[in-house]
Amino acid sequence: MNRSITVILFAVLLFILSGAANSFALGRTGGYILLKPGAFIPTNDLDHKGFDKSFSGEVAVGTYYSRHLALEAGVGYFRTESSRTGADFSEDDDLWVIPVTVTFKGIIPFRGGELNAGVGPGLYFANLTADGTNTVSGNYSNDAHATAVEGHAVVGLNFDITKKIFVGAEGKYVVTTGAHMLGTKIKLDGFVASGVLGFRF
């Protein structure tokens, strides 16, 4: 299933790039690139396990297929940590995730900018490292990899600086299937709040 979704995401990225190229060839500025630094705020399982808020970054490429519709593919990164202690153990968990996503956006343009909202699917490639100690086995270190399927919804607001450059802000909510890591199933859900720096081409 994950392999099929990866193929679909790759095909969508090629579709976006071809659409942007066609727009450019027709003299329209149909393509864009986004840089989105921000923060990941854990919810659900990650929040219950005490994972911290963390830096989040994403690079996305997209194209406008009409005045009110855009298609976007992105690759991101975030890393979050958690420390837990009990009567007979202590453990430090380090989780990093690479999200690969596709977003279908509806757009409301206005003079000097645009309001947008969208939904889409993606994959979360996750790695979890657990270092700790307990009274039974002493020190231990474990590492695990897993992939979760995700769905997300976004809302954004952009303002034009020039015809080619714009800035804005975006909020995203992510819901995932559970990622099986270190004998447990963890949902990698959360909010992402990002600034946006965009370049049209």
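Residues numbered from 1 in each chain as written. Predicted model: local features only at pLDDT ≥ 70, side-chain atom pairs only at ≥ 80, totals over all residues. Heavy atoms only, no water.

Draft legend 1. Representation of the side chain of S82 in the model. Residue placement: S82 occurs in strand β3 (residues 69–85). The buried category is assigned to S82, whose relative accessible area is 3%. One polar contact links the side chain of S82 to the main-chain carbonyl oxygen of K49, over a distance of 2.6 Å. Among all residues touching S82, those that are not within four sequence positions of it are K49, G50, F51, E91, D92 and D93. (Helix = DSSP H or I, 4+ residues; strand = E, 2+ residues; numbered from the N terminus. Buried < 20%, exposed > 50% of the residue type's maximum accessible area, 1.4 Å probe, protein only. Polar contact = N/O pair within 3.5 Å; in protein donor to acceptor, adjacent residues only side chain to side chain. Contact = heavy atoms within 4.5 Å.)

Draft legend 2. Main features of the pattern of salt bridges. One pass over the full model with this rule turns up 8 salt bridges. Across the salt bridge formed by K36 and E72, the nearest N and O atoms sit 3.5 Å from each other. In this pair, K36 sits in strand β1 (residues 31–42) while E72 sits in strand β3, placing the two residues 36 residues apart along the sequence. The salt bridge partner of E58 is K172, with a shortest N-O separation of 3.3 Å. Here the residue E58 occupies a position in strand β2 (residues 54–66), and K172 occupies one in strand β7 (residues 165–176), the gap between them amounting to 114 residues. Across the pair, exposure class does not vary: E58 and K172 are buried alike. (Salt bridge = Lys/Arg side-chain N within 4 Å of Asp/Glu carboxyl O.)

Draft legend 3. Looking closely at the nonpolar core. If you look at the biggest cluster of nonpolar residues, it comprises 18 residues, and the most contacted ones within it are L46, L95, V97, Y124, M181 and L188. Among the elements of the structure, β4 (89–110), β5 (113–134), β6 (138–160) and β8 (178–181) are those that each provide at least two residues to this core. Dropping the residues within four chain positions of it, V97 is found in contact with G76, Y77, F78, Y124, F125, A126 and L188. A60, Y64, F166 and V196 belong to the second largest nonpolar core, which has 8 residues in total. (Core = buried A, V, L, I, M, F, W, Y, C linked by side-chain atoms within 4.5 Å.)

These figures capture arrangement, not role.
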